[in-house]
Amino acid sequence: MAVAETQLYAKVANKHRSKSTSALLESLLAKGFPAHIAQKALVATGQKTVEDAVKWLHSHCNDPSLDDPIPQEYALYLCPTGHLLHHLQEFWKESKRQCGKNRAHEVFPHITLCDFFTCEDQKVELLYDTLKRAGDSFSQCFPPSISLTLHASPSYLGFFIDDIHANVLKDFAVAFSSEASALADCCVKPCLKQFHLTLAHKFYPHHQKTLEQLAKCINPGEPCQWVAALYSRDMRFVHYQRLKALFQYKPQNIDELMINAGDFIYVDPTHQSDVSEGWVVGTSQRTGCRGFLPENYTEKAHESDTWVKHREYVFVTASRSSTQTERESNVKLNGEAKNPSMSRSGTSVLSMQNGPLRRAVLVMRHGERVDQVFGKSWLQQCLTTDGKYYRADLNFPSALPKRKDSMKQFEYDPPLSCCGIFQSRLIGEALLDQEVMVSYVYSSPALRCVQTAQHVLQGLKLNQKVKIRVEPGLFEWTKWEASKVIPNFMTVAELAEASYNIDTSYRGNFPLSSLVPSESYEDYLSRSSVVMKQIITACPSKGKGVILIVGHGSSLASFTRPLMGLPSRDSSDFAQMVRKIPSLGMCFCEELKEQNKWQMVNPPVKTLTHGANAAFNWRNTVLED
């Protein structure tokens, strides 16, 4: 057992356990569920209905932690609703689009009254009673509107609550914490520091001006009804990353995790180093089971997405009131808006066919490479005894391009698989459907990148109009080359002879001879930054449309972050990030010329996700006894 888990068990092992007599609990006991497990199910579902608790119990029938006595953690927040919430969510969405994600995006808009504390499952109903009594006692003196003043610093942006109103909120928090601590036998600490509603936190300093401009569009005097809400979270996974499943995945092996679309997965980032590329190991919130799952079936979730909303107290004032129906239409159980237009998941890229066209850069990883499927010895699998190439599997390319030096060089400069060719063409067709206008194409000298660019252009029906500029400076971090030498790439002349649509007049910013084996991380970042600036300079700013750059997994961060003025990642974080980028993964940056900067937005096409298809031997499978 891990040290942290041992400490958690120690906190609760000697607690006296009283029995609850709630109607919900009685119904579960009547169905034959043990009391401690029934109480855990009720708490995990916010004590809403028996049906929710039973569904949770059935989903967790194989949960190895079902009998564990670890309680949930609870927090009391004051949350806005109505017009103010609407404008706050608009700020959330626009700040994320223009400046990227910061810590404030992890949780919905709120004012913290009591930070997280633990409470035993059988005593949670006492918290509900305490919230109602405290709310009732303060309902008459609760301010009809709360005065909010914008405050900004290099790492924080938010509204401070004026002292007169803050004192009322502090008294309410103290009243709740005192009674909850006494009745529920838990340690509840009220927030006594400056009350605030955070808009942005831990952002890059150069984004402060943009965030402040967005914040000034919020009218803090907008009509608002305030709700004191009690939330809980699983204390075991506080420091874990959270993923949301986009698709269903059915396990192929016993150590894999069954997931449904919409499931939330807890992932410990410290346990991923030995996991195969493209996979993560995590714990399902829905089932409590742990196992491996494909990472490209998921997307990152917000911290509060996995919280459970328990009870709320609505402060109804004479000057502002709203119906229960309005409240329910604006707020979900986890405090986020139901209205899809208020989603914080980011905005779609500005339509390329609507409004004035802007200069943009689309950085793309190459398609599936043949050695990614068949291993480093793929070439030996498809050579005859006299050294001629043949197609040993339908996913091998039908032929290899001619090159003057040895065919063995393909081992270090592998081509795309047939699926990689299909992927690339499919992306090109999707870009064509979205009427994306590609004006320039740059490619790493790696054959897989040139082929990807070629087939994307074919899908766009631009292969006869736009030529590929082969730029050696776009090659990946050379430290990752297994051979410890720079591959012998096909020359521009060889590529042109092999019918690739190459711009033979283009002269790269970095000659091949400038690439050195095992370059340092700093040298790679410097090379990437310089070549990106040179490409942007070479493509006229008065020109409209998209600059397509086909590179490697490392390209998505190393080319786009300097473009947006963001600092580089730590090398270990960089390596972890690159592992998560699939074939044809892409980033899209748009120029804001009037502001003299670039911003990252959603790519113009959806992601491409597919499963594995293993080799099949009918004789060994079907005829085997």
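Residues numbered from 1 in each chain as written. Predicted model: local features only at pLDDT ≥ 70, side-chain atom pairs only at ≥ 80, totals over all residues. Heavy atoms only, no water.

- The protein carries the name Ubiquitin-associated and SH3 domain-containing protein A in an unreviewed UniProt entry, which gives Cephalopterus ornatus as its organism.
- Here the protein is described in UniProt, under the heading Subunit (unreviewed entry), as follows: "Homodimer or homooligomer. Interacts with CBL. Part of a complex containing CBL and activated EGFR. Interacts with ubiquitin and with mono-ubiquitinated proteins. Interacts with dynamin." (UniProt positions renumbered as here; feature names shortened; annotations may be inferred.)

Structural notes on helix H17 (residues 571–579)
And step 1. Residues Phe-574, Met-577 and Val-578 constitute the buried set of H17. Within H17, the buried residues cover an arc of 95° as seen down the axis, which keeps them to one side.
And step 2. Close packing links the buried residues of H17 with helix H15 (521–538) and helix H16 (555–564). (Buried < 20%, exposed > 50% of the residue type's maximum accessible area, 1.4 Å probe, protein only. Helix = DSSP H or I, 4+ residues; strand = E, 2+ residues; numbered from the N terminus. Arc of directions from axis to C-beta. Contact = heavy atoms within 4.5 Å.)

Thoughts on empty space enclosed by the protein
And step 1. Scanning the model with the defined rule gives two cavities of 30 Å³ or more in all.
And step 2. A volume near 50 Å³ is recorded for the second largest cavity.
And step 3. Taken together, Arg-233, Asp-234, Phe-237, Val-238, Arg-242, Tyr-266, Thr-306 and Trp-307 make up the full set of residues lining the second largest cavity. (1 Å grid on protein atoms, 1.4 Å probe; cavity = no way out; pocket = protein on both sides within 12 Å on 5 of 7 lines; lining within 4 Å. Points joined across faces, edges and corners; volume = space filled by probe spheres on them.)

Remarks on the sheet that holds strand E6 (residues 226–234)
And step 1. With antiparallel pairing, four strands are arranged side by side in an open sheet as E2-E1-E6-E12. The open sheet has two free edges, formed respectively by strand E2 (111–119) and strand E12 (308–314), since each of these has just one partner strand. Looking at each pair of strands side by side, their axes are set apart by 20° on average, direction ignored.
And step 2. Packing of helix H3 (residues 35–44) onto the sheet brings it into contact with strand E1 (72–80), E6 and E12, and relative to E12 it is tilted by some 60°. (Pairing = 2+ DSSP bridges. Axes fitted to C-alpha atoms, helices over the stretch in contact; angles between N-to-C directions.)

Focus on the packing of aromatic side chains
And step 1. In the structure shown here, the tally under the stated rule is 31 aromatic pairs.
And step 2. Between the aromatic rings of Phe-172 and Phe-315, the centroid separation amounts to 5.4 Å while the plane-to-plane angle is 80°, which identifies the pairing as edge-to-face. One end of the pair, Phe-172, is in helix H7 (residues 163–184); the other, Phe-315, is in the loop between E12 and helix H9 (324–330), and 143 residues separate them in sequence.
And step 3. On the basis of relative accessibility, which here comes to 2%, the residue Phe-172 falls in the buried class.
And step 4. Residue class for Phe-315 comes out buried when judged on its relative accessible area of 2%.
And step 5. Among the aromatic residues, those joined into a cluster by ring pairs are Tyr-77, Phe-108, Phe-116, Tyr-231 and Trp-307.
And step 6. Above the plane of the ring of Tyr-128 lies Arg-311, whose end atom (NZ or CZ) is 4.2 Å from the centre. (Phe/Tyr/Trp six-rings, centres within 6.5 Å; stacked < 30°, edge-to-face > 60°. Lys NZ or Arg CZ within 6 Å of the ring centre and 35° of its normal.)

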